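Spelled out from the first residue to the last, the chains are:
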Amino acid sequence: MARIRAYRNDAEAKVTGTARYADDYSFPGMLHMVPVYADYVSARNLAVNGAEALAQPGCIAVLTASDVPGNCRYGQIEEDYPILAEGTIRSWGDVTALVIAETREQALQAASLVKVTAEPMEPVLTIEAALDPYAPIIPEGKDSNIVVHHRLRHGDPEAVFDQCELVIEEDFHTQVIEQAYMEPESCVCVPRHDGVLEIYGSMQHPFSTRRFVSSFLDEPFSAIEVYTIPMGGGFGGKDDNAAAVCARAALGARITGRPVKLTYNREWSVRETYKRHPYRMHYKMGFSSEGKIEAVETTMYADSGAYLSVTPWVTWRSTAQCCGPYGVEHVKADVYGVATNNVFRGAMRGFGAPQVNFAVEQLIDIGAHRLGIHPLGMRRMNMVKQNGETVTGQILDKHTVSLEEVMNSVVHHIGYRKKYEQCSRGTSDNDELYGIGLSVSYRGSSLGAEGMDYCSCVINGQHDGSILLETGIHENGQGSESVMMLILAEELGIDRKRIRYRRSSTSTIPDSGTTVATRGTIMGGSSVVVAAQKLKELISSHIAQRLKCSSDEVTFHDDKIWGLTYDNSLTWEEAMKELYLQRVAPYAFGTYQGPDVSWDDTTGQGDAYFTYVYSCQCAEVMVHKHTGKIRVTNVVAGHDVGKAINRAMVLGQMYGGITQGIGMTLMEQVQEAGGKITNLNLGTYRIPRSTDIPEMEGIIIEHYDPLSLTGAKGIGEPAIELIAPAIANAVYHATGIRCTSLPLKIRPEDLS
Amino acid sequence: MVDVYHPKTLEEALQFRSSTGAVPFSGGTDIMVRYRTSHGVLPDLPWPIVLLGHLKELQYLRLRKGSLCIGAETTLTDVMDHELTPPLLKQAIGLMAAPALRNLGTLAGNIGNASPAGDAVCALIALDASIELASPRGRRVVSLDLFIVGPGRTILAEDELITEIIVPIGEGHISWYKKVGTRRANALSKLSVSADWAVDDNVLTHVRIALGAVAPVVLRCRDIEDDMTGMKLPEIALQREDLMNRYKCSITPIDDQRSSAAYRKQAASNLVGAVLDEMTGGR
């Protein structure tokens, strides 16, 4: 691996362990809160008795739904998630009470004495059971457990299947996955002298957190200030629940008038927080004799669990990307979200794409194998091309469609063609079987037609020449602050040492949406460019006279501000002082709104996303004949990220995505017995460790994207969404066994 | 609250142990996890403990009468790194847990914990190890194989401590080790196989095959080992499938969170096949 210089504004603090995460914050007089669960999966007539707990030494309060001034339930789409359960229990993760005490030990002790009783009901735990016409209806006020149904209608596949040379029908299943961020949820809420509640929490959406708190306490946004502090990862998993944790601490702080800390341990975090949706997919794919995909018909069900969260958006992405990166003329897709009594499902890195890719990228290989066509040729023939049409009817003419180039570079780099011939295909003369497998994908950047897309940036120039920067994008540990600083330094032509990223809060920058959907760099970066341009215009108009040129002739580079000749330049210190003397604040506010997208929900047609990231990953595996153990030995990944702002961080996202994806492919699975999770900590929910990481190589491909003001698209989620099928294809080429369920398992008795 | 004894000598430790029944704490890498309460709060131990990991007099490796004697409180790291340690034991320890845990964990802890998935125990049983137990009443040496009687159950008396592990040095022995876990490090075994054998003039003169995590205790099939001993290698090669089947029939694993019974049975039998291949130079 080549050494590449990285920039991180938090590098030293992270490496030396001095960065302060939520649980590291303490305030005088601070109380400790712990949640109380109930051992029910589905129940009604919930009753909580905190009398005995309250009598314990140090116990200050036992809070239940009746103590909540606002709404107990909240959610990003539907207000159905109970921050504190009221009356009914819909999943094993529901929190029934909150205990506050002087110390954490005392709170834990008291919490164990809270009596929770309810009348248990038969839980609905599988998609099949939930779809049964006689099944109890889980969502209140609804007439079905189907909580969302997306349709995609493009051409007429039914009429085409008959004429196909080959029609493959296959079922695929994916498992429940925990995000497994390093830092479990934590929040400290501090009542300020002026009545505002300050929130220091581990969450990835400060504005959503503010909405949760506001609704729960029935207080205006202005009375709640949520700060960004160092955060130990989120991977999509720190929205609803993390916000609920903050709301609970806020309730405690408001009621007691003292700072309250609520820090989760791993067991609570795994028990309560939403997971990646498990999918059950049926695909029917028809090919011509040359290998062209003529038609696709698919029905898929995602288990949404007990609450809706973002299930409609996750399944929408699965709908829009239901055929992978292939332009298929005849497609019919029906994608359902189904309510069950399982701990709910929500956002996780990849967001409805890894599941679909797991199916599609295997189907392509199966088709190629059956028709005797090389898998590369098969992909090349069918993949989206410049000015081509997607299955949602979108014409890809506004950016460079580079999928073929991306695939070619990965294939060339790893030596796929030669290695493909060397695959064991079930036999070898030693104990191991070798295989190589490939997958390609495209991923719509940012939210697409799922939501409103906008972001703000504030540049607050100081009169000594230093600069404060802030955007509505949240630092989850991914390095977004550093990226914004690099973009600003580039735009202003300054040394980045001038820039500090200010600790932002919900009270200082407008709501800019959540830091998800690989939208941080594309949206936040573009807003930085807009603000930087405004700042340059402002500065130019006030110093042009001193630079002896017109304001549109002023240029910014080499850490100075220039007129037309070398003699006419100002340092930033001089220019800022000049503005000060002119009583001008070097302050700029910029917003960026995502380009238009469109969607027709009845046909699933429209311009789903304004741009796409094109990806290819190729994996080599060894399968042990005696044990069936699959070992990934090498992965090469290529992604067209538009433009790499912080190259080492781009590669870091690739390697991290691959590693997290290997966990999903080979070892991770949340085990649910009767709706109760049995592997509640990382000792039993096993994620990959350094010793499981293969050789990895990342190839950064850059086609400047005209719709992004920096040219950059993104990398967070593309990195994880296609490794599972690449490994599954490699395992097939090693063993001759096709695995259609995750995690992949090879039974040794099936190997010769 | 829990009573914790911190003895200065083994003698003092034995006194504490016999007078209070305190549970021996040898590294604590299992106890501390099993009795954890919550983040930021000390574990809630149900009984008094006597700390042993700091006792220097129980930390050594030395040769005595053709055996390697290992002080019971020697850390797994120190055992693994020592030149006298048999390769089989080194391999087994090398795949246990993670470096930080191996720096704390001890052989006595791994043995006393008596998990059927204890990797060091599996290797030690294949090596015919025995252990020395001490109490104020005196000392006794028992075969490790007989010491562990069930998951978490041993014949350690209320007043006894494990003081030494005795591993016979099998001159010219060949060994083989394989562990199957969910991942390559810091994973409890789905199953493990330790084998140790000797060959003289193409005849198998000694063989031990120990299977971990496939039965309530680490398993050896003595009848099969006895049958194999004295056989010529080509004969063993001929009976490969038969021997594998006998092992397969002898084990009755369970389904648990880590693996399934069916997988364990098949994989264990395959790994026995691999041992036989290694032995006979087959395949």
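Cut-off values and rules
- Residues numbered from 1 in each chain as written.
- Chains lettered and ligands numbered in written order.
- Predicted model: local features only at pLDDT ≥ 70, side-chain atom pairs only at ≥ 80, totals over all residues.
- Heavy atoms only, no water.
- Helix = DSSP H or I, 4+ residues; strand = E, 2+ residues; numbered from the N terminus.
- Rg over C-alpha atoms; globule rule 2.2 N^0.38 Å.
- Buried < 20%, exposed > 50% of the residue type's maximum accessible area, 1.4 Å probe, protein only.
- Areas by Shrake-Rupley, 256 points an atom, 1.4 Å probe, with all protein chains shown as cover.
- Lys, Arg positive; Asp, Glu negative; His and termini not counted.
- Charge placed at Lys NZ, Arg CZ, Asp CG, Glu CD.
- Contact = heavy atoms within 4.5 Å.
- pLDDT = per-residue confidence, 0-100.
- Expected span 1.5 Å × (residues − 1).
- Pairing = 2+ DSSP bridges.
- Core = buried A, V, L, I, M, F, W, Y, C linked by side-chain atoms within 4.5 Å.
- Domains from an automatic or database assignment.
- Axes fitted to C-alpha atoms, helices over the stretch in contact; angles between N-to-C directions.
- Parallel < 35°, antiparallel > 145°, perpendicular 65-115°, else oblique.
- Left-handed = near helix turned anticlockwise from the far one by under 90°.
- Buried area = accessible area lost by both parts, 1.4 Å probe.
- Salt bridge = Lys/Arg side-chain N within 4 Å of Asp/Glu carboxyl O.
- Polar contact = N/O pair within 3.5 Å; in protein donor to acceptor, adjacent residues only side chain to side chain.
- Phe/Tyr/Trp six-rings, centres within 6.5 Å; stacked < 30°, edge-to-face > 60°.
- Lys NZ or Arg CZ within 6 Å of the ring centre and 35° of its normal.
- Right-handed = clockwise from strand over helix to strand, strands pointing away.

A.B. asks: Teacher, can you tell me more about the overall build of chain B here?
C.D. replies: When helices and strands are tallied, chain B shows twelve helices and 14 strands. For a compact globule of 283 residues, the expected C-alpha radius of gyration is about 19 Å, and chain B comes in at 19 Å, within 12% of that figure. Counting only C-alpha atoms, chain B reaches 60 × 45 × 30 Å along its principal axes. In chain B, buried positions account for 53% of the 283 residues. When the accessible surface of chain B is totalled, it reaches about 12,400 Å², and 53% of it is carbon and sulfur. Separation between the mean location of the 30 positive side-chain charges and that of the 33 negative ones in chain B comes to 5 Å.

A.B. asks: Looking at this structure, I do not really get the overall build of chain A. What am I missing?
C.D. replies: Of the regular secondary structure elements, chain A holds 18 helices and 29 strands. The C-alpha atoms of chain A give a radius of gyration of 27 Å, which matches the 27 Å a tight globule of 752 residues would have. C-alpha extents for chain A along the principal axes are approximately 80 × 75 × 50 Å. With 752 residues in all, chain A has 64% of them scored as buried. Nonlocal contacts in chain A, meaning residues at least 24 apart in sequence, comprise 80% of its contacts between residues at least 6 apart. Element-wise, carbon and sulfur atoms account for 50% of the exposed surface of chain A, whose accessible area totals about 26,300 Å².

A.B. asks: Is there a simple way to think about the confidence of the model for chain B in this case?
C.D. replies: Atomic detail in the predicted coordinates should be set aside for any region of low pLDDT. Residues and elements named next belong to chain B. Summing up the model confidence of chain B, the mean pLDDT is 94 and the portion of residues at 70 or higher is 100%. Per-element mean pLDDT across chain B ranges from 90 in helix H2 (residues 31-34) up to 98 in strand S10 (residues 161-168). Scored as a complex, the prediction yields pTM 0.95 and ipTM 0.88.

A.B. asks: Would you mind going over helix H12 (residues 261-280) of chain B with me for this structure?
C.D. replies: At 3.6 residues per turn, the α-helix brings residues three or four places apart onto the same side. Residues and elements named next belong to chain B. The terminal C-alpha atoms of H12, which comprises 20 residues, lie 29 Å apart, in line with the 28 Å expected from a rise of 1.5 Å per residue. Here H12 lies mainly inside the structure; 16 of its 20 residues are buried. Gly281 lies just past H12 and shows a positive phi near 70 degrees.

A.B. asks: Can you walk me through the sheet that holds strand S14 (residues 219-220) of chain B in this structure?
C.D. replies: Two orientations exist for strands paired in a sheet by backbone hydrogen bonds: parallel and antiparallel. All names here are of chain B. Across the sheet, which stays open at both edges, the four strands sit in the order S11-S12-S13-S14 with antiparallel pairing between neighbours. In this open sheet, the two edge strands, each paired with only one partner strand, are strand S11 (174-181) and S14. Both S11 and strand S12 (residues 189-200) contribute to a ladder of eight bridges, which runs antiparallel. The partner of Lys179 across the bridge, within S12, is Ser192.

A.B. asks: Explanation requested: the nonpolar core in the structure shown.
C.D. replies: Soluble globular proteins tend to pack their nonpolar side chains together in the buried interior. Residues and elements named next belong to chain A. Counting 179 residues, the largest nonpolar core has Tyr283, Ile727 and Leu744 as its most contacted members. Take this core: its biggest share by element is ten residues, from helix H7 (residues 240-256). Shared between two domains, this core takes at least three residues from each, and those domains are domain 1 (21-122 + 193-268) and domain 2 (385-447 + 601-752). The contact partners of Ile727, leaving out residues within four places of it in the chain, are Ala619, Val621, Val632, Ile662, Thr665, Leu666 and Leu744.

A.B. asks: Looking at this structure, how should I read unusual backbone geometry?
C.D. replies: When glycine is set aside, most residues are seen to have a negative phi, and most peptide bonds are trans. In this structure, the amide linkage connecting Leu742(A) to the following residue, Pro743(A), adopts the cis form with an omega of -10 degrees. Note that Pro743(A) resides in the segment after helix H18 (723-735). Positive phi values are uncommon outside glycine, yet Ala180(A) reaches one of about 55 degrees. Mapped onto the elements of the fold, Ala180(A) is located in the loop between strand S9 (166-173) and strand S10 (186-191). Within the chain, Asn186(B) stands out as a residue other than glycine whose phi angle is a positive 50 degrees. Counting through the fold element by element, Asn186(B) comes out in the loop between S11 and S12.

A.B. asks: Quick question: what am I supposed to make of the packing of helix H6 (residues 206-217) of chain A against H7(A) here?
C.D. replies: For any two helices packed against each other, one specifies the crossing angle of their axes together with the interaxial distance. Residues and elements named next belong to chain A. Two numbers describe how H6 lies on H7: the axes approach to 8 Å, and their chain directions differ by 45 degrees. Comparing the axis directions of H6 and H7 gives the class oblique. Taken as a pair, H6 and H7 cross one another with a handedness that is right-handed. Contact residues: Ser208, Thr209, Phe212, Val213, Phe216 and Leu217 in H6; Asp240, Ala243, Ala244, Cys246, Ala247, Arg248, Ala250, Leu251 and Arg254 in H7.

A.B. asks: Looking at this structure, I do not really get the interface of chain B and chain A. What am I missing?
C.D. replies: Bring the parts together and some accessible area is lost; that lost area is often taken as the interface size. Of the residues lining the interface, 25 residues belong to chain B; the matching set on chain A comes to 29 residues. Here chain B and chain A share an interface that buries about 2,300 Å² over both sides, 50% of which is from carbon and sulfur atoms. Here Arg36(B) and Glu267(A) are joined by a salt bridge, their closest N and O atoms 2.7 Å apart. Our enumeration of links across chain B and chain A arrives at 14 residue pairs in polar contact (both at pLDDT 80 or more).

A.B. asks: Would you take a moment to explain the sheet that holds strand S1 (residues 31-37) of chain A for this structure?
C.D. replies: All names here are of chain A. Taken in spatial order, the seven strands make up an open sheet running S3-S6-S1-S13-S10-S11-S12, and their pairing is mixed. A single partner strand is all that each edge strand has here, and the edge strands are strand S3 (59-63) and strand S12 (224-227). Each adjacent strand pair in this sheet contributes to an overall mean axis angle of 20 degrees, direction not counted. Relative to strand S11 (residues 197-201), S10 runs antiparallel, the two sharing five bridges. Counted as the bridge partner of Pro191 is Leu197 from S11. Strands in contact with H6 are S11 and S12; relative to S12, the strand with the most contacts, it is inclined by about 150 degrees. Along the sheet, H7 contacts S1, S3, strand S6 (95-101), S10, S11 and strand S13 (260-263); its crossing angle with S10, the most-contacted strand, is approximately 30 degrees.

A.B. asks: Please explain the pattern of salt bridges as it appears in this structure.
C.D. replies: Side chains carrying opposite charge are able to pair once their charged atoms draw close together. Residues and elements named next belong to chain A. Under the criterion given, the structure shown has 59 salt bridges over all chains. The closest approach of N and O atoms between Asp334 and Arg153, which form a salt bridge, is 2.9 Å. Of the two residues, Asp334 sits in strand S16 (residues 330-339) while Arg153 sits in strand S8 (residues 146-154), which places them 181 residues apart along the sequence. Relative accessible area serves as the criterion here: at 30%, Arg153 is assigned to the partly exposed category.

A.B. asks: Just to check I follow, could you spell out the packing of aromatic side chains for this structure?
C.D. replies: The geometry of two aromatic rings is summed up by the distance between their centres and the angle between their planes. In this structure the tally under the stated criterion is 21 aromatic pairs over all chains. Aromatic side chains Tyr274(A) and Phe344(A) sit 5.5 Å apart centroid to centroid with 75 degrees between the ring planes, which places their arrangement in the edge-to-face category. With a gap of 70 residues between them, Tyr274(A) in the loop between helix H8 (266-272) and strand S14 (279-287) and Phe344(A) in the loop between S16 and helix H10 (353-371) connect regions that are remote in the sequence. According to the relative accessible area criterion, Tyr274(A) is buried, its value standing at 0%. Ring geometry for Tyr35(B) against Trp47(B): centres 5.1 Å apart, planes inclined by 80 degrees, an arrangement best described as edge-to-face. With a gap of twelve residues between them, Tyr35(B) in the loop between H2 and strand S3 (49-51) and Trp47(B) in the loop between H2 and S3 connect regions that are remote in the sequence. You can call Tyr35(B) partly exposed: its relative accessible area is 22%. Through pairs of rings, three or more aromatic residues link up here, namely Trp316(A), Tyr442(A), Trp599(A), Tyr609(A), Tyr612(A) and Tyr614(A). The aromatic ring of Phe161(A) is capped on one face by Lys284(A), whose charged end is 4.4 Å from the ring centroid.

A.B. asks: Please explain the pairing of S16(A) as it appears in this structure.
C.D. replies: Every other side chain in a regular strand lies on the same face of the sheet, so the side chains alternate between the two faces. All names here are of chain A. Where burial is concerned, most of S16 is hidden: nine out of the ten residues are buried. The pairing of S8 with S16 spans eight bridges and is antiparallel. Counterpart to His154 in the pairing with S16 is Val331. Direction of pairing for strand S15 (residues 293-305) relative to S16: parallel, over a ladder of ten bridges. Within S16, the residue paired with Tyr301 across the bridge is Tyr336. Once the chain exits S15 it traverses helix H9 (residues 311-320) before rejoining the sheet at S16, and the crossover so formed is right-handed.

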